[in-house]
Number of protein chains: 2
Amino acid sequence: MKNKLPKAQHLFNLFSIENVSGVVYKNKALKRLIINYIDIKGNTTITDLSKELNTSVPKITSLINELIGEGLLKDNGKFDSTGGRRASFYGLVAGACYFIGVDVKRFYINIGLLDFKKHLVVLKEKIPYKLENSPESLQQLMTIIKAFIKEQTIAKDKILGIGINLSGRINNTTGYSYSYFHFHEEPLAAIIQKEIGIRTFLENDSRAMAYGEFCCGEINNARNVLFVNIDYGIGLGILIDGKLYYGKSGFSGEFGHIPFFDNEILCHCGKKGCLETEASGLSLIRKFKEKIEQGFTSSAMKKKKDINEITLLDIIAAAKNEDMLCIEILAEIGEKIGKGIALLINIFNPELLILGGTLSETGDYLRLPIRSAVNKYSLSLVNNDTQLKTSKLGEKTGVLGACLITRNKVFSF
Amino acid sequence: MKNKLPKAQHLFNLFSIENVSGVVYKNKALKRLIINYIDIKGNTTITDLSKELNTSVPKITSLINELIGEGLLKDNGKFDSTGGRRASFYGLVAGACYFIGVDVKRFYINIGLLDFKKHLVVLKEKIPYKLENSPESLQQLMTIIKAFIKEQTIAKDKILGIGINLSGRINNTTGYSYSYFHFHEEPLAAIIQKEIGIRTFLENDSRAMAYGEFCCGEINNARNVLFVNIDYGIGLGILIDGKLYYGKSGFSGEFGHIPFFDNEILCHCGKKGCLETEASGLSLIRKFKEKIEQGFTSSAMKKKKDINEITLLDIIAAAKNEDMLCIEILAEIGEKIGKGIALLINIFNPELLILGGTLSETGDYLRLPIRSAVNKYSLSLVNNDTQLKTSKLGEKTGVLGACLITRNKVFSF
DNA sequence: ATAACTTATTAATTTTTTTTATTTAGATAT
DNA sequence: ATATCTAAATAAAAAAAATTAATAAGTTAT
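Predicted model only: the values in this text are computed from it and were never measured.

(A) Spotlight on the overall build of chain A. On a plain count of helices and strands, chain A comes out with 13 helices and 14 strands. The C-alpha atoms of chain A give 23 Å as radius of gyration, which agrees with the globular expectation for 413 residues (22 Å, within 12%). The buried share of chain A, reckoned over its 413 residues, is 46%.

Following this line, the structure appears as structure tokens:
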């Protein structure tokens, strides 16, 4: 039994509780709890587990030994003494299994490989790709994923799942995507899974980023966290009591399309007055164009011939280079985003609100107007509770989230 | 042991898991699970519990017998046969303990007594009371509660807790009320508890109503439910996965004070442009006054000399009597509330949204404009998921919620 | 009416788990 | 360096719980 490498099917069986009952069921459940606890706490001792899980030391000992035999845990040496005999501590085996995360952006893809210990062992950023709602674009996406898998040196059957982030309406349970690649009767997740041969899960991009940030960012034990994804659109990931909130069909967090303005700007969702029409990357670009057409100048235009080629990254770069026009528009947009965020704080009273997404990388140019609008527009007793932070994980966030959500799905954590 | 009536302290001990471990802990935990399950399912059989809790039949049998001895459960006869020997079914003992719920409204109080089986055995509606932020008003509230307790014929020590609903910011964990009766260093809940001698918990009114509706209304197994309390103000109770959502300090659901309008109307919270300034009972009354002052007529004014004496109930009554002015204003307000609700639906993608509170009793006059605004302003894919219902529990809602939340607190369900 | 079949309950047996006692390993004080 | 203390790990004993078997109490088909 010893040193037997765990394969995909083997691991699924370890945790599946179908058709089991009685002692077998209880042992499986306990093993899952052990893994879960070590997953959160890192290395742990038998005594600690015994207290935490209200189970006797000998029982924990025997389960731990089984888990070691199954290749999921290992003995990582001894803790420093707490006055008596030193305790062995046990941790997850990093190479027990792997997960792939694919973060699909508008103009590129980030893709990564996560091991069992939640380390992102491979991360490829900004692979050129243009997200379009066409079968060709979907085919291209799958080609990129397959190429990535081929590059990996680990045993392929140790890859237990693929998580893919898309923007728009995604039902994570059924695997349907409604905003992109909705060509067939079959759920998109199933189509991709068939093509690649590994269990595949879809997730809304903002939600995945929220989870990545929650697991790997500085969250100081916060359990109720909002993640605002400020990109071309504006998305929201909601964590309640440490768990992602989906809503009935996984459409929660459509923050960008709340009716917030009394304007006549048509949103790409078909409605008017959406928050996104005046507080998003898209509206930033629209305002930038208007200003340029009015005769204003900006360093962002230096390298471009056509104004339609301007991307968010150009404007961010220009702002960082002290370009006045870009800084001004950012402040304008920030004030409106902040008003929207004030609304969220009033409704959720969260411990932490994280600003993420491409636009959040402009730093203070966006953060300061957001912060002052939040103070202005939310109840002070409520907003005093909320820490406002900017994501520090950058492009990693979405990939991490995709991997971690997949990991949870596979193990039903 | 048999027929020993449970007293308050005895019941607390039954469920407290402090300073216990090992087998004792596990048995207590299992007993709690049994009670919990019967609480939700109603009568249950030993076989059913055994499957549900993954515990052997003999073990469940012995625990059930203990619980019967402790006066919490009783044998309620036999189920109809399912093909073989008929199973005994066990249910809660209604009179095992009681809880008091106090729903404090602006101009009256509703108060009730709930038994262990969640039946509201006593309900006194509309006890005259004027909510003012003064020590006298607090004293009067406590006097009413004490009088109510005195009236009850059950053993006083069977009343395990009192729940009190107040509007405004309430921290249910610490027992502080920030909007009303915030006179002392000590939490308000502790002050009342000391005066009355029974464990006391505070709750935000909308949240309590949400919970009352969730437990006793028609919710069709929905787990993510929003309850919009349309009264003088506009509140929101949020249920996520069947549990009340509080936020960091219990200030979640400040829906009435989201920055939603670009107006100059000063809200009682101190800010401008709150949803409440144009979509609430207060704004309804303000608009009504404006119209009357402009020379419009209404049957609601017939019985009143002073326009300042008009209450929400007057306007509701007039609308039900086909008063055109009131109906028009209701439609106007409904449209705005609906726009606010559209926002909630986009963010929460709930299975169910319940309209409650005094104003919801106007029926279609308010519901129809709300419904059409919801369709107009929320994403159709998202709002297709959401059932919109009007509360049918009426004044009971808040009292039920207060009792049930207290019951959960006492038993840490 | 009786046999055959279901399912619940109870009793007996076996297995599992906890508890308690013992041993091991290291820290600290003398 | 040795005795004393603390805490972990292991072993043995005791208790608890799960199985399995047996019985009870019904229904349904013949």
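Let's pick the thread back up.
(B) Structural view of the interface of chain B and chain A. The partner chain A presents 36 residues to the 36 residues of chain B that form the contact. For the side of chain B that touches chain A, the elements supplying multiple residues, two or more each, are helix 2 (22-41), strand 11 (234-240), helix 10 (324-348) and helix 12 (380-383) of chain B. The element that contributes the greatest number of residues to the side of chain B that touches chain A is helix 10 of chain B, accounting for 6 residues. Residue composition of the side of chain B that touches chain A, by class: 19 nonpolar, 10 polar and 7 charged.

(C) Focus on the nonpolar core. Judged by nonpolar contacts, the single largest core of 227 residues is most densely connected at Ile315 of chain A together with Ile315 and Ile341 of chain B. Leave out the neighbours within four places in its chain, and Ile315 of chain B touches Leu284, Phe288, Ala300, Ile310 and Cys326 of chain B.

(D) Local environment of the protein's contact with DNA strand C. Around DNA strand C sit 27 residues, and of these Lys59 and Arg85 of chain A together with Gly22, Gly84 and Arg85 of chain B come closest. When residues of the surface near DNA strand C are traced back to their parent elements, those giving at least two are helix 2 (22-41) and helix 4 (57-69) of chain A together with helix 2, helix 3 (46-52) and helix 4 (57-69) of chain B. In terms of residue class, the surface near DNA strand C is made up of 8 nonpolar, 14 polar and 5 charged.

(E) Layout of the sheet that holds strand 3 (residues 98-104) of chain A. Residue and element names in this part refer to chain A. Read from one edge to the other, the open sheet built from 5 strands follows the order 5-4-3-6-9, with strand pairing classed as mixed. Only two strands of the sheet have a single neighbouring strand rather than two, namely strand 5 (120-128) and strand 9 (200-204). Recorded for the sheet is a direction-independent mean angle of 15° between the axes of neighbouring strands. Across 6 bridges, the pairing between strand 3 and strand 6 (residues 159-166) is parallel. Across the sheet, Phe99 pairs through a bridge with Gly161, a residue of strand 6. Of the strands in this sheet, strand 6 and strand 9 touch helix 6 (residues 188-196), which is tilted by about 140° from strand 9. Lying on the sheet, helix 13 (residues 396-411) is in contact with strand 3, strand 4 (108-115), strand 5, strand 6 and strand 9; it crosses strand 3 at an angle near 135°.

(F) Up close: unusual backbone geometry. All names here are of chain B. Here Asn54, not a glycine, exhibits a phi torsion of approximately 50°, which is positive. Structurally, Asn54 can be placed in the loop between helix 3 and helix 4. A positive phi angle, close to 50°, is found at Lys126, a residue other than glycine. Checked against the element boundaries, Lys126 lands in strand 5 (residues 120-128).

(G) Local environment of the environment of Gly295 of chain A. All names here are of chain A. Along the chain, the position of Gly295 falls in the loop between helix 8 (281-293) and helix 9 (312-320). Overall, the presence of 6 C-beta atoms within 10 Å leaves Gly295 in the exposed class. Sequence spacing of Gly295 and Lys26 is 269 residues, and the spatial spacing of their C-alpha atoms is 72 Å.

(H) Structural context of the packing of helix 9 of chain A against helix 10 (residues 324-348) of chain A. Residue and element names in this part refer to chain A. Between helix 9 and helix 10, the shortest axis-to-axis distance is 8 Å and the interhelical angle comes to 110°. One finds that helix 9 runs roughly perpendicular with respect to helix 10. Across from Ile315, Ala318 and Ala319 in helix 9, the residues of helix 10 making contact are Cys326, Ile327 and Leu330. Residues that form the contact of helix 9 with helix 10 fall into these classes: 6 nonpolar, no polar and no charged.

(I) How the structure looks around the protein's contact with DNA strand D. Neighbouring DNA strand D are 27 residues, the closest being Gly22 and Gly84 of chain A together with Ser56, Lys59 and Arg85 of chain B. For the surface near DNA strand D, the elements supplying multiple residues, two or more each, are helix 2, helix 3 (46-52) and helix 4 of chain A together with helix 2 and helix 4 of chain B. Taken together, the residues of the surface near DNA strand D sort by class into 8 nonpolar, 14 polar and 5 charged.

(J) Highlighting helix 13 of chain A. All names here are of chain A. Spanning 16 residues, helix 13 covers 22 Å between terminal C-alpha atoms, matching the ideal 22 Å at 1.5 Å per step. Counting buried positions along helix 13 gives 14 out of 16 residues, so the element sits mostly inside the fold. Directly beyond the C-terminal end of helix 13, a positive phi value near 40° is found at Ser412.

(K) The relation of the copies chain B and chain A, seen in detail. When chain B is fitted to chain A, the residual RMSD is 0.0 Å, and the transformation amounts to a turn of 180° plus an axial shift of 0.0 Å. The symmetry that links the two subunits is that of a two-fold axis. For chain B, the residue whose C-alpha comes nearest the rotation axis is Phe260 of chain B, separated from it by 3.4 Å. Interface overlap between copies is the fraction of interface residues in one copy that are interface residues in the other; for chain B against chain A it reaches 100%, indicating a shared surface.

(L) Spatial organisation of the packing of helix 2 of chain B against helix 4 of chain B. Residue and element names in this part refer to chain B. At their nearest, the axes of helix 2 and helix 4 sit 10 Å apart, and the two run at 75° to each other. Of the possible angle classes, the one that applies to helix 2 and helix 4 is roughly perpendicular. In this structure, helix 2 uses Asn27, Leu30, Lys31 and Ile34 to contact helix 4, whose residues at the interface are Leu63, Ile64 and Leu67. A breakdown of the residues in the contact of helix 2 with helix 4 according to their chemical character gives 5 nonpolar, 1 polar and 1 charged.

What counts as what
Residues numbered from 1 in each chain as written. Chains lettered and ligands numbered in written order. Predicted model: local features only at pLDDT ≥ 70, side-chain atom pairs only at ≥ 80, totals over all residues. Helix = DSSP H or I, 4+ residues; strand = E, 2+ residues; numbered from the N terminus. Rg over C-alpha atoms; globule rule 2.2 N^0.38 Å. Buried ≥ 20, exposed ≤ 12 C-beta atoms within 10 Å, placed from the backbone. Contact = placed C-beta atoms within 7 Å. Nonpolar A, V, L, I, M, F, W, Y, C, P; charged D, E, K, R; others polar. Core = buried A, V, L, I, M, F, W, Y, C linked by C-beta atoms within 7 Å. Near = placed C-beta within 6 Å. Pairing = 2+ DSSP bridges. Axes fitted to C-alpha atoms, helices over the stretch in contact; angles between N-to-C directions. Parallel < 35°, antiparallel > 145°, perpendicular 65-115°, else oblique. Expected span 1.5 Å × (residues − 1). Least-squares fit on C-alpha atoms with pLDDT ≥ 70 in both.

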